Each structure stands twice: as C-alpha cells, then as structure tokens.
Amino acid sequence: MASTRGGTMAGRIPEMEKMSVEQLKAIKEQTDLEVNLLQDSLNNIRTATTRLDLASTALQDLSLRPQGKKMLVPLTASLYVPGTLDDAEKVLVDVGTGYFIEKTMEEGKNYYERKINLLKSNYDQLLEVASKKKSIADEAGMVLQAKMKQLAAASS
C-alpha cells in the first residue's frame, strides 16, 4: 500500500492492476476507513470553529455594552441567571477542558481569532488529505470492479 500513496492517478492505476483482488479489497477498505475518520475529524473541527466564532461574537457584543448593564449570564446551555456587567475590559476565556484564563478584552479577541485561524488551516489541510484518500479509494474500487468482471467473464 505504501507504493500507492504518491504519484498521479495514471501512475497508481497500473500499480493497482497488478494487485490481487484481496489486496485491492484491503486497500479499498483501509482507505474508506481513513476517509470516514477524516470526515469525523473535519466535522469536529467545524463544530469547534463554530463554538469559537460564537465566543468571539459574544466578546464583541460584550465590549459594546456599558458598565452597569443588566444581562442574563449563562451558567449552562439552558440555565441563565440575572447579572450586572461590572468591568467589560476583563473577561474569562475558555481555554478548554474546563479551564478559564482572565484576559483583557483585546487579548480575548486575539486569542479566539488565532484559534479560529488555526482550526481553519487544519481544516483545509485535512480536507486535502481526505480528498486524496477518497481518490485512492475510488481508484481501487474501479480496478477491483474491473477485475471482478474479468473473473466473472473468465469463469463463464
């Protein structure tokens, strides 16, 4: 399988045509599994990016509110308590796994912007890898199908 990773489509198909049906099935199954795992990772990155976008938007909204403004403070996704904005210049930033760090408003915005850019970069890289893996799986499927037709024609 290592020899099928590089090269173009035209370079891989002749290599695959030399393989046995069992080898082709193994390659197809393996690459399909990898594509599914990459798709899951892409979905997780998309979800995380959405969460960070919401947090960034909340910081922007908070920075526009005057001191002393009454508001609802979320304790959980469905539980809010009344509160008063004391100092909008200091915020708690969720850095993951239940940890929060006190930062200035500007530092908080910069933090979320950097995290969003990092996730978008990772998303683009994973998307490229996933499409290459999908291409390999499709090629293996085409060659496998052709070999199965040849075997069926030879046995009849």
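Residues numbered from 1 in each chain as written. Predicted model: local features only at pLDDT ≥ 70, side-chain atom pairs only at ≥ 80, totals over all residues. Heavy atoms only, no water.

Undergrad: I'd like a description of the overall build of the protein, backed by residues and values.
TA: Counting secondary structure elements, the protein contains 3 helices and 4 strands. Put simply, the protein runs from its N terminus to its C terminus through helices and strands in the order α-α-β-β-β-β-α. Burial statistics for the protein: of 156 residues in total, 26% are counted as buried. Taking all contacts inside the protein whose residues are at least 6 apart in sequence as the whole, residues at least 24 apart take part in 56%. Surface summary for the protein: the accessible area is close to 10700 Å², and the carbon and sulfur share equals 57%. (Helix = DSSP H or I, 4+ residues; strand = E, 2+ residues; numbered from the N terminus. Buried < 20%, exposed > 50% of the residue type's maximum accessible area, 1.4 Å probe, protein only. Contact = heavy atoms within 4.5 Å. Areas by Shrake-Rupley, 256 points an atom, 1.4 Å probe, with all protein chains shown as cover.)

Undergrad: Could you give an account of the nonpolar core, naming the residues involved and the relevant values?
TA: Membership of the largest hydrophobic core comes to 14 residues, with the highest contact counts inside it found for V91 and Y112. Elements supplying a minimum of two residues to this core: α2 (21–64), β3 (90–96) and α3 (105–155). Ignoring anything within four residues of it in the chain, the contact list for Y112 reads L52, A55, S56, L59, V93 and D94. Core analysis: the second largest hydrophobic core is formed by 9 residues, M19, V21, L24 and I136 among them. (Core = buried A, V, L, I, M, F, W, Y, C linked by side-chain atoms within 4.5 Å.)

Undergrad: Residue-level account of the pairing of strand β4 (residues 99–104), with values.
TA: Across 6 bridges, β3 lies against β4 in antiparallel orientation. Its bridge partner being in β4, V93 is matched across the sheet by I101. Linkage of β3 to β4, two consecutive antiparallel strands, is achieved through a turn of 2 residues, within which T97 is found at a positive phi near 45°. (Pairing = 2+ DSSP bridges.)

Undergrad: I'd like a description of the packing of α2 against α3, backed by residues and values.
TA: Running from N to C, α2 and α3 point in directions that differ by 160°, and their axes come no closer than 7 Å. Between α2 and α3, the crossing angle belongs to the class labelled roughly antiparallel. Viewed along their axes, α2 and α3 form a crossing whose handedness is left-handed. (Axes fitted to C-alpha atoms, helices over the stretch in contact; angles between N-to-C directions. Parallel < 35°, antiparallel > 145°, perpendicular 65-115°, else oblique. Left-handed = near helix turned anticlockwise from the far one by under 90°.)

Undergrad: Give a description of the pattern of salt bridges that names residues and reports values.
TA: On inspection of all chains with the given rule, the structure shows 5 salt bridges. Between E128 and K132 there is a salt bridge; the shortest N-O distance is 3.5 Å. Taken together, the residues span about one helical turn, with E128 and K132 both in helix α3 at a distance of 4 residues. A salt bridge links D138 to K134, with the nearest nitrogen and oxygen atoms 3.1 Å apart. Here D138 and its partner K134 are both found in helix α3, 4 residues apart, which amounts to about one turn of the helix. The partly exposed category is assigned to K134, whose relative accessible area is 41%. (Salt bridge = Lys/Arg side-chain N within 4 Å of Asp/Glu carboxyl O.)

Undergrad: How would you summarise unusual backbone geometry if you had to cite specific residues and measurements?
TA: With a phi close to 45°, T97 is a non-glycine residue in the positive phi region. Considering the arrangement of structural elements, one finds T97 in the loop between β3 and β4.

Interpretation note: all reported values are geometric properties and have no functional meaning in isolation.
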